[in-house]
Amino acid sequence: MSSDTLTKVAAPEDAVPLRIVPQRRLGQWTAAVAVLVLLGLALNSVVRNDAFQWDVVGDYFTTASVLRGLWLTLWLTAFVMVLGFALGTLLAAFRLSTNPVLRAVSWGYVWLFRSMPILVQLLFWFNIGVLYPEILGIRTVNLLGPVTVAIVGLTLHEAAYAAEVVRGGILSVDRGQIEAAQALGLSRWRRWWKIVLPQAMRSIVPPTGNMLIGTLKGTSIVSVIAVQDLLYSVQLVYHRTYQVMPLLMVATLWYVIVTSVLSVGQYYVERHYARGSERTR
């Protein structure tokens, strides 16, 4: 049988072509419309609510005291993250060491500082003078001011979580990668710098970004020890003017802006280290 005959049998001239009908997703569209309506109502209630006093928010949004508090918040966040990850990396190296004493010390540190609430730690360091009035002949009252207490407390707290992030990232690298690098004769430093670290960063960057954003917002807790961060700065204003809600909105908007910028940066850093992997889009 010729190919023309087969074509006529398979597709006769009077055959009606099939019409492809897209799948109806009525439930999804209904849910999407409902969510958009609720979001619109919520946004409208916020924008049109006179109790927020948006004119007051605009007046205080870029005042000198608020910007000074914002700068201290940003500076404190960066300083704590750098010190916390430096100490956390050291603790992670201890945990991965073959020395049982170093492993025990690292495990005990992480267990202790992850078990204590950060507010308790700050209050403990703020009142350390009760236990140790002098250290090396220096009065602790003069040595540990509010900002120093905030740096010490937040850094020790951050290091406990950073240690687990770094350790988890290193353990995520397949052992065969290290053995292959050893077989190629690479030095220990080059193995870590060229093989282990680039692959570990894929697992380290996402939780690190979350920790950075969490630390930025968590610095607001230092207001309890009179550190003039962003939240404490607006508190000083509304204690004087009694305009609580608009001043809290000033702090909230600044936190939203900064965390949004950090989230965008985190996205690009993650995409950089995900190159060549299946997660790259």
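A brief report on the enclosed structure follows.

### So, the environment of Met-116
You can see Met-116 is positioned in the loop between helix H5 (100-115) and helix H6 (118-126). Separated by 41 residues in sequence, Met-116 and His-157 have C-alpha atoms that sit 8.6 Å apart. Apart from the residues lying within four places of it in its own chain, the contact partners of Met-116 are Gln-121 and His-157.

### Quick notes on the packing of aromatic side chains
Scanning the model with the defined rule gives 7 aromatic pairs in all. Look at Phe-52 and Trp-54: their rings are 5.5 Å apart centre to centre, the planes differ by 25 degrees, and that puts the pair in the stacked class. Judged by its relative accessible area of 31%, Trp-54 falls in the partly exposed class. On the numbers, 5.4 Å between centres and 10 degrees between planes, the contact of Trp-75 with Phe-79 is stacked. One end of the pair is Trp-75 and the other is Phe-79, both in helix H4 (residues 64-95) and 4 residues apart, which spans about a single turn. The class for Phe-79 is partly exposed, based on a relative accessible area of 35%.

### Focus on the packing of helix H10 (residues 188-218) against helix H12 (residues 244-273)
H12 packs onto H10 with a crossing angle of 180 degrees between their chain directions and a minimal axis gap of 10 Å. Overall, the two elements H10 and H12 adopt an arrangement that is roughly antiparallel. Across from Pro-198, Met-201, Arg-202, Val-205, Pro-206, Gly-209, Asn-210, Leu-212, Ile-213, Leu-216 and Lys-217 in H10, the residues of H12 making contact are Tyr-255, Val-258, Thr-259, Leu-262, Ser-263, Gln-266, Val-269, Glu-270 and Tyr-273. Class assignment for the residues of the contact of H10 with H12 results in 12 nonpolar, 5 polar and 3 charged.

What counts, and where the lines are drawn
Residues numbered from 1 in each chain as written. Predicted model: local features only at pLDDT ≥ 70, side-chain atom pairs only at ≥ 80, totals over all residues. Heavy atoms only, no water. Helix = DSSP H or I, 4+ residues; strand = E, 2+ residues; numbered from the N terminus. Contact = heavy atoms within 4.5 Å. Phe/Tyr/Trp six-rings, centres within 6.5 Å; stacked < 30°, edge-to-face > 60°. Buried < 20%, exposed > 50% of the residue type's maximum accessible area, 1.4 Å probe, protein only. Axes fitted to C-alpha atoms, helices over the stretch in contact; angles between N-to-C directions. Parallel < 35°, antiparallel > 145°, perpendicular 65-115°, else oblique. Nonpolar A, V, L, I, M, F, W, Y, C, P; charged D, E, K, R; others polar.

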